Amino acid sequence: MKRLHYKGLCPLKIGLLIVMLAGLCSPAATGSIPPSSLREPGDDIPPGVPFVLSDEPLGLFSTITIPLKRAGRLFLIETTIDGQSGNLIFDTGASGLVLNKTYFRKYASFEKNTGGGITGEMAKVEHIKVGRIDISDLYYENVPADLADLSHIENRRNIKVLGLMGINLIRQFEVTFDALHNKLVLSRVDKAGNRLEPGKPGLNFDYRQKIDTQHDIILIEGKIGEKVLTFCLDTGAETNVLSAGLPKKVMNTVQITRRSNMVGSGSRGVEVLYGTMKELLLSKHQFGEMETVVRNMEAMSEAYGCTIDGMLGFDFWQKGIFCINFYTNEISFSMNKAEKL
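Residues numbered from 1 in each chain as written. Predicted model: local features only at pLDDT ≥ 70, side-chain atom pairs only at ≥ 80, totals over all residues. Heavy atoms only, no water.

Take the overall build of the chain next. The helix and strand tally for the chain stands at 7 helices and 25 strands. Counting over 341 residues, the chain shows a buried share of 57%. Long-range pairs, those at least 24 residues apart, make up 71% of the contacts in the chain with a sequence separation of at least 6. Total accessible area on the chain stands at roughly 14,700 Å², and carbon and sulfur atoms take up 48% of it. (Helix = DSSP H or I, 4+ residues; strand = E, 2+ residues; numbered from the N terminus. Buried < 20%, exposed > 50% of the residue type's maximum accessible area, 1.4 Å probe, protein only. Contact = heavy atoms within 4.5 Å. Areas by Shrake-Rupley, 256 points an atom, 1.4 Å probe, with all protein chains shown as cover.)

Given below as structure tokens:
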């Protein structure tokens, strides 16, 4: 069984969700949700000692199709975690599993300071492990997780969110994401990236491009205004994001509609602009107009140890069917009929 050395997750991801929800959604009332009382005996974790756990996907299948639910612009996967039922947000912008502190606060944990909050300030992140995660016929055992307050998502979407499902839980599969038809297909592959299921080689796609996954997120190069930029592919982002530090020839392609000042978990504020991306070239395909947020992304780049010029979210995924292969480091995609006209 594969073992892993647990690494923490950048809390900027949670901050970006706050910004997007505040800018795009209307609040919805919800009742109070009682915290989970689950805690496994013998799970006490000495401070400063990292987890040595497994994210090995288990289950007797070669290919599994997981239906996705929608809550606004979020894609949800029904799950049961240690006997507790709810939803995980399908989120390739997260490197691993992030769980809602509302339901898992009583688990044994340790915490450490991590940089990269919404305004760049330091933030404390708690780490735990869960015994079992069930998603249809797919399951995981002894999985490491970060704890985060996701109550803002639940309050605005009026739905029970147990956490975020990041790429470490799916990177051993070929992943086909069809946002328009709300389905996620996970196919087991060999070390060369070939499907194991006989007679089912997969779909034929119109475009193919290399990706980079060495930083525990999915990075891809795209072009705006003849400038090559690095984007994070993020199924958990409700809108696209562009860095405020991009060159003028890039920003001239973005139509700004309004601005807002957001406050993070500390006292510092950050200016956020809302607008429309007019162009984005991936492979040989020019994407049409997409909503975007413009904000400072230096903290995120620093946290992941690489330059991130933007994030591609909901509007991007709605335009086609995308297939990600972590073994060949490629993304393949075909556009929906409406996008080809």
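On we go from here.
On to the packing of aromatic side chains. Taken as a whole and judged by the stated rule, the model has 13 aromatic pairs. Seen from their ring centres, Phe316 and Trp317 are 5.1 Å apart, and the 75° between their planes marks the pair as edge-to-face. Of the residues examined, Phe316 reaches a relative accessible area of 1% and is grouped as buried. By the ring-pair criterion, three or more aromatic residues cluster together here, those being Phe75, Phe90, Phe177, Tyr207, Phe287, Phe314, Phe316, Trp317, Phe322 and Phe333. One Lys or Arg, Arg132, reaches over the ring of Tyr139 and ends 4.0 Å from the middle of that ring. The ring centre of Phe61 lies 4.5 Å from the NZ or CZ of Arg188, which sits over that ring. (Phe/Tyr/Trp six-rings, centres within 6.5 Å; stacked < 30°, edge-to-face > 60°. Lys NZ or Arg CZ within 6 Å of the ring centre and 35° of its normal.)

Moving on, we come to the pattern of salt bridges. Tallied over the entire structure, the rule returns 12 salt bridges. Across the pair Arg171 and Asp216 runs a salt bridge whose closest N-O atoms are separated by 3.5 Å. Of the two residues, Arg171 sits in the loop between β11 (161–165) and β12 (173–178) while Asp216 sits in the loop between β14 (207–210) and β15 (219–224), which places them 45 residues apart along the sequence. Comparing Arg171 with Asp216, the two get one shared label, buried. For Glu330, the salt bridge goes to Lys210, with nearest N and O atoms at 3.9 Å. One end of the pair, Glu330, is in strand β25 (residues 330–335); the other, Lys210, is in strand β14, with 120 residues separating them in the sequence. Accessibility expressed as a relative area gives 52% for Lys210, which makes it exposed. (Salt bridge = Lys/Arg side-chain N within 4 Å of Asp/Glu carboxyl O.)

Side chains Ile64 and Ile66 of strand β3 (residues 63–67) all project onto a buried face; the interleaved residues Thr63, Thr65 and Pro67 project onto a face where none is buried. Taken together, the 5 bridges between β3 and strand β13 (residues 183–188) define a ladder with antiparallel strand orientation. Paired with Pro67 across the strands is Lys183, a residue of β13. (Pairing = 2+ DSSP bridges.)

As for its position among the elements, Asp146 is in strand β10 (residues 138–148). A distance of 2.6 Å separates a polar atom in the side chain of Asp146 from a polar atom in the side chain of His127. (Polar contact = N/O pair within 3.5 Å; in protein donor to acceptor, adjacent residues only side chain to side chain.)

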